[in-house]
Amino acid sequence: MEKKRAIVAESPGPAQAPHAPGPLEGATFVIGAAAAAQLPAPEAPEIAFAGRSNAGKSSAINALARRTRLAYASRTPGRTREINLFRLRGGALVADLPGYGYAAVPRALKQAWQDFLWTYVTTRTTLVGLVLIVDARHGLKPLDLDLLAAFVPSGRPVLILATKSDKLNQAERRGAVAAIREALRTAFPAHVQSVTVIGFSATSRLGLEEADAVLARWIGPASKP
Ligand code: GDP
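Residues numbered from 1 in each chain as written. Predicted model: local features only at pLDDT ≥ 70, side-chain atom pairs only at ≥ 80, totals over all residues. Heavy atoms only, no water.

Visitor: Report on the side chain of T126, specifying residues and quantitative values.
Guide: Among the structural elements, T126 can be located in the loop between helix 3 (107–123) and strand 5 (127–135). On the basis of relative accessibility, which here comes to 13%, the residue T126 falls in the buried class. Discounting residues that sit within four places of it in the chain, T126 has contacts with P42, E43, A44, P45 and E46. (Helix = DSSP H or I, 4+ residues; strand = E, 2+ residues; numbered from the N terminus. Buried < 20%, exposed > 50% of the residue type's maximum accessible area, 1.4 Å probe, protein only. Contact = heavy atoms within 4.5 Å.)

Visitor: Summarise the site of the ligand; cite the residues concerned and give the values.
Guide: Within the structure, the ligand sits among 16 residues, and K57, S58, S59, D166 and T203 are positioned closest to it. Residue K164 places a side-chain N or O atom 3.1 Å away from an oxygen atom belonging to the ligand. S201 is positioned with one of its side-chain polar atoms (N or O) 3.4 Å from an oxygen atom of the ligand. Its residues assigned to classes, the shell around the ligand shows three nonpolar, eight polar and five charged. (Near = heavy atom within 4 Å. Polar contact = N/O pair within 3.5 Å; in protein donor to acceptor, adjacent residues only side chain to side chain. Nonpolar A, V, L, I, M, F, W, Y, C, P; charged D, E, K, R; others polar.)

Visitor: Now, about the pattern of salt bridges: what can you tell me, with residues and values included?
Guide: Taken as a whole and assessed by the stated rule, the structure comprises nine salt bridges. Across the pair K164 and D135 runs a salt bridge, and its minimum N-O distance is 3.8 Å. Of this pair, K164 sits in the loop between strand 6 (158–163) and helix 5 (170–187) while D135 sits in strand 5; the two residues are 29 residues apart in sequence, bridging distant segments of the chain. Overall, D135 belongs to the buried group, its relative accessible area being 7%. One salt-bridge network, held together by shared partners, links E25, R66, E209 and D212. (Salt bridge = Lys/Arg side-chain N within 4 Å of Asp/Glu carboxyl O.)

Visitor: An account of helix 5 is needed here, citing residue identities and associated values.
Guide: With 18 residues, helix 5 extends 26 Å between its outermost C-alpha atoms, agreeing within 8% with the 26 Å of an ideal straight helix rising 1.5 Å per residue. Along helix 5, the residues that are buried comprise A176, V177, I180 and L184. Considered in projection along helix 5, the buried side chains sweep an arc of 90° and stay on one side of the axis. Away from its buried face by more than 90 degrees, helix 5 exposes A171, R174 and T186. In this structure, the buried residues of helix 5 make contact with strand 5, helix 4 (142–151), strand 6 and strand 7 (195–199). Of the residues that open helix 5, the one with a side-chain oxygen 3.1 Å from the backbone nitrogen of A171 is N169. (Expected span 1.5 Å × (residues − 1). Arc of directions from axis to C-beta.)

Visitor: Summarise the packing of aromatic side chains; cite the residues concerned and give the values.
Guide: A full pass over the atoms with the stated rule returns one aromatic pair. Aromatic side chains F29 and F86 sit 5.9 Å apart centroid to centroid with 65° between the ring planes, which places their arrangement in the edge-to-face category. One end of the pair, F29, is in strand 1 (residues 28–33); the other, F86, is in strand 3 (residues 83–87), and 57 residues separate them in sequence. (Phe/Tyr/Trp six-rings, centres within 6.5 Å; stacked < 30°, edge-to-face > 60°.)

Honestly, it's all geometry; don't read function into it.
Here you go:
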C-alpha cells in the first residue's frame, strides 16, 4: 500500500515547481514586543502562531522558514516571553505569540498571558489568519479551544498544525487529525470550514508544503513584484 503511493508520488506533477520558496522562507526578525501596546501599529497583513508551551511552535516556524534558529524557545518557559515579529519577503508579518499553559507559571501570570493573547487575537486588525500548533499526540486542550473561541467566530481562517506526527504511525496520525476535526465540529459547528488541520512534523517535514500552500493563500504572492 505504502509502496504504491510512493511510486505514484515520484512521477513529476505539473504543479510541482522544484524550487518555489515557502512563504516564510527568507523571513527576518523585526522586533520583540513585551506587551500588545508595544506592537508596531497595524500595517501589513499578519499571521500569528500560537500554541501551548513545548507544543513545537518554534520548531514549526523554523521548519516553515527553512531555518534552524529564526524562532527559538525560551530556555525557561516560566518566564514572560515576548511577541516576536518577523517580516516575510512579500511584506507580510508573522507574529510568534508566547506559549501558554506552562504548568509552573503562577496562576495570576497565566491569566495575564491569556488576557494578552485574547486581546491580541480579537483586536489586531491586520491579523489575517491564526496558525495553532498542537501536539498531535495530545490534541486540542481547553486553552487551545479558548484561544480558538476568541478568533474563529471572526470568520478568518485558522491552520492547525498537528505537529510531532513523526512520533505516530500512519493510522495514529490519521486518528489524531480526525479527533481534532471532530473536536472542532463540536466546538465551532458554524465555522469548521474556515479551519484547516494538517498532520505535521518539523523533524520529518511532514505536511510542510501543504502548510506553505495554506499560508501562501492567506497572504498572497510570496515576493514583491
Ligand atoms: P515551543 O515551546 O512550542 O516553541 O516548542 P519547541 O519548538 O521548542 O519544541 C519543544 C520540544 O519538542 C523540543 O524538544 C523539540 O525538539 C521537540 N519537537 C518540536 N517539533 C517536533 C517534531 O515535529 N517532532 C519531534 N519528534 N519533536 C519535535
